[in-house]
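# Notes for the structure review
The chain contents come next:
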Amino acid sequence: MKKKVLFVLINMNIGGTEKALLNMIHEMEKDIYEITIFMLEEYGGFLEYIPEGVRIQYFNNYKKIKDVLNHPPHLIALDYLKKGNFIKAFNIAFYHLLSKVLRERTRYFNYILNSYPDLEEEFDIAVAYDGPMDFISYFVLNRIKAKKKIQWIHFDITKIGFNTNFAAKTYKKFDKVFVVSKEAKKNLDSVVPSIKNKTEVFYNIISPKLVLSSVKAGKGFDDKYDGFRVLTVGRLSIEKGQDIGIRVLKRLIQDGFKAKWYCIGGGKLKEEYQSLVNKYGLQENFIFLGTDPNPYSYIEQCDIYVQPSRHEGYCIALAEARCLCKPIVTTNFAGAREQINNGETGLIVEVDEDEIYKAIVSLLRSRNLRNKLSKNLKKEKFETNTDLLNHF
């Protein structure tokens with residue numbers, strides 16, 4: 001009999017966490033697992049990439065509570081007050097204040113969901129996959145029936161907003177807490193030592209078959225450029241470091257290198273980064289390609305892949321560049337040294353404009369170094385073990 005596994009996340013937006021889930025379910029044995037993806041909202045560029053045979057469910061009433069969850073509670077309470085709903089306004093304000101006193105939002109979530117039934121179906125394994133996200137952790141623990149429950153952590157929690165008090169009280173109720181890199185696990189254990197006995201490293205899965213088959217289906221570059229192509233994949237956000245890349249490219253152009261830097265990804269900082277590009281006169285050299293659920297043709301065709309992130313958990317885009325054997329420059333974020341052997345399969349530098357510049361220049365100037373890194377990457381094998389049952 002197949003084991004029923006449920007993955008819970010916000011949506012299937014184009015991002016590293018969602019890509020990691022797609023890779024994982026592509027590799028899971030279909031004769032062992034019956035997979036269900038439960039999303040809070042029906043949204044995202046990866047929806048059409050969910051494999052056949054995977055069940056999809058949605059929290060149909062999420063729109064009614066989304067604002068209450070994601071907007072400042074005092075403003076929500078004020079809005080209800082203006083509409084004359086005094087009881088709702090009082091309750092929102094009360095549970096918000098209680099959350100402040102207790103320093104975690106369990107009772108607030110409980111109030112918001114008090115009129116919604118639990119999921120009726122029972123699963124063998126339920127996974128709070130989109131973590132850390134307090135609401136999803138609460139939802140999996142309190143609204144889903146499952147024999148085993150897993151919390152999945154995809155980020156270095158020392159670099160993001162993280163409710164330590166909530167985690168200490170909540171994560172201990174899970175059977176396992178998976179973390180996507182050794183360094184990210186070490187940081188979680190140091191911040192929430194009471195759950196150390198439950199944490200375990202579970203690397204993001206790369207599906208080589210999926211990556212290689214997707215190369216032919218992708219668009220790739222169409223600008224007939226004959227200089228060096230530098231590529232970065234990731235949402236346009238401060239933690240991904242594209243602003244550093246813009247300043248590095250300015251120096252490369254000033255120093256006479258014939259190069260273009262392409263960015264795949266969308267985000268709130270597009271206008272800010274475009275203004276920076278305009279400021280340096282790089283409109284013809286720093287190219288925003290927008291979001292693309294299939295970036296593999298671009299990765300395969302680029303000359304150098306650069307990951308200038310300020311922080312990561314386990315960078316899935318970096319793993320994809322490794323899979324396609326590209327010369328790589330990456331910053332030294334959590335998990336980078338677990339993917340790259342510095343000087344052998346890529347170049348690892350600190351989050352520093354000067355260091356990134358020097359590393360790229362060394363690759364631009366040395367075909368032998370580029371070939372060496374690519375050749376060594378071809379010898380690597382990717383972990384595709386998705387047997388969740390072995391972890392209990």
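Our structure is the block above this text.
Scoring rules and cut-offs
Residues numbered from 1 in each chain as written. Predicted model: local features only at pLDDT ≥ 70, side-chain atom pairs only at ≥ 80, totals over all residues. Heavy atoms only, no water. Helix = DSSP H or I, 4+ residues; strand = E, 2+ residues; numbered from the N terminus. Buried < 20%, exposed > 50% of the residue type's maximum accessible area, 1.4 Å probe, protein only. Contact = heavy atoms within 4.5 Å. Areas by Shrake-Rupley, 256 points an atom, 1.4 Å probe, with all protein chains shown as cover. Lys, Arg positive; Asp, Glu negative; His and termini not counted. Charge placed at Lys NZ, Arg CZ, Asp CG, Glu CD. Expected span 1.5 Å × (residues − 1). Polar contact = N/O pair within 3.5 Å; in protein donor to acceptor, adjacent residues only side chain to side chain. Phe/Tyr/Trp six-rings, centres within 6.5 Å; stacked < 30°, edge-to-face > 60°. Core = buried A, V, L, I, M, F, W, Y, C linked by side-chain atoms within 4.5 Å. Pairing = 2+ DSSP bridges. Axes fitted to C-alpha atoms, helices over the stretch in contact; angles between N-to-C directions. Patch = residues over 30% accessible without salt bridge, like charges linked within 9 Å, V, L, I, M, F, W, Y side chains within 5 Å. Salt bridge = Lys/Arg side-chain N within 4 Å of Asp/Glu carboxyl O.

### Structural notes on the overall build of the chain
Tallying secondary structure elements over the chain gives 16 helices and 13 strands in all. For the chain, the spread of C-alpha atoms along the three principal axes comes to 65 × 55 × 40 Å. Classification of the 392 residues of the chain by burial places 55% in the buried group. Expressed as a percentage of contacts within the chain between residues at least 6 apart in sequence, the contacts between residues at least 24 apart total 71%. Of the roughly 18,200 Å² of accessible surface on the chain, 48% is carried by carbon and sulfur atoms. Across the chain, 59 positive and 48 negative side-chain charges occur, with their mean positions spaced 2 Å apart.

### What about helix α15 (residues 353–365)?
Between its first and last C-alpha atoms α15 spans 18 Å; for 13 residues at 1.5 Å apiece the expected length is 18 Å, and the two agree. With a side-chain oxygen lying 3.1 Å from the backbone nitrogen of Asp354, the N-terminal cap of α15 falls on Asp352.

### Observations concerning the packing of aromatic side chains
Two measures describe an aromatic ring pair: the distance that separates the ring centres and the angle between the ring planes. Under the defined criterion, the tally for this structure stands at 24 aromatic pairs. Their ring planes at 35 degrees and their centres at 5.6 Å tell us that Phe59 and Phe139 sit as a pair that is tilted. Here the residue Phe59 occupies a position in the loop between β3 (55–58) and α2 (62–70), and Phe139 occupies one in helix α6 (residues 134–143), the gap between them amounting to 80 residues. Residue Phe59 is classed as buried on the basis of its relative accessible area, which comes to 9%. Its relative accessible area of 4% is what places Phe139 among the buried residues.

### Quick notes on the nonpolar core
Looking at soluble globular proteins, one finds that nonpolar side chains tend to be buried together. Formed by 58 residues in total, the largest nonpolar core has its most connected members in Phe7, Ile25, Trp152, Leu231 and Leu388. With six residues, helix α13 (residues 316–323) is the largest single contributor of residues to this core. Ignoring anything within four residues of it in the chain, the contact list for Leu231 reads Trp261, Tyr262, Ile264, Tyr298, Ile299, Cys302, Ile304, Tyr305 and Val306.

### Things to note about the sheet that holds strand β5 (residues 145–153)
If you trace the seven strands from one edge of the open sheet to the other, you get β3-β2-β1-β4-β5-β6-β7, paired in parallel fashion. The open sheet has two edge strands with one neighbour each: β3 and β7 (199–201). Averaged over neighbouring strand pairs, the angle between their axes works out to 25 degrees when direction is ignored. Where β5 meets strand β6 (residues 176–179), four bridges bridge the pair, whose relative direction is parallel. Bridge assignment links Trp152 to a residue of β6, and that residue is Phe178. Each of β5, β6 and β7 is contacted by helix α8 (residues 182–191), which is oriented at about 165 degrees to β7, the strand it contacts most.

### Notes on the sheet that holds strand β10 (residues 286–290)
If you walk across this open sheet you meet the six strands as β10-β9-β8-β11-β12-β13, and the pairing is parallel. Only two strands of the sheet have a single partner each, and these edge strands are β10 and β13 (347–349). Adjacent strand axes in the sheet meet at a mean angle of 20 degrees when their direction is disregarded. The pairing of strand β8 (residues 228–233) with strand β9 (residues 259–264) spans six bridges and is classified as parallel.

### Quick notes on a nonpolar patch on the surface
A cluster of nonpolar side chains, contributed by Leu75, Leu78, Leu81 and Phe86, occupies part of the molecular surface with about 380 Å² of accessible area. Element by element, the count of residues in the nonpolar patch is highest for helix α3 (residues 73–82), at three residues. Look at Leu78 and you get partly exposed, because its relative accessible area is 40%.

### Quick word on helix α1 (residues 16–27)
The end-to-end C-alpha distance of α1, which contains twelve residues, comes to 17 Å, matching closely the 16 Å that a straight helix rising 1.5 Å per residue would cover. Most of α1 is tucked away: nine of the twelve residues are buried. For α1, the full list of buried residues reads Thr17, Glu18, Lys19, Ala20, Leu21, Leu22, Asn23, Met24 and Ile25. Contacts made by the buried residues of α1 are with β1 (3–9), β2 (33–39), β5, α9 (208–217), α12 (296–301) and α13.

The values reported here are purely geometric and, on their own, carry no functional implication.
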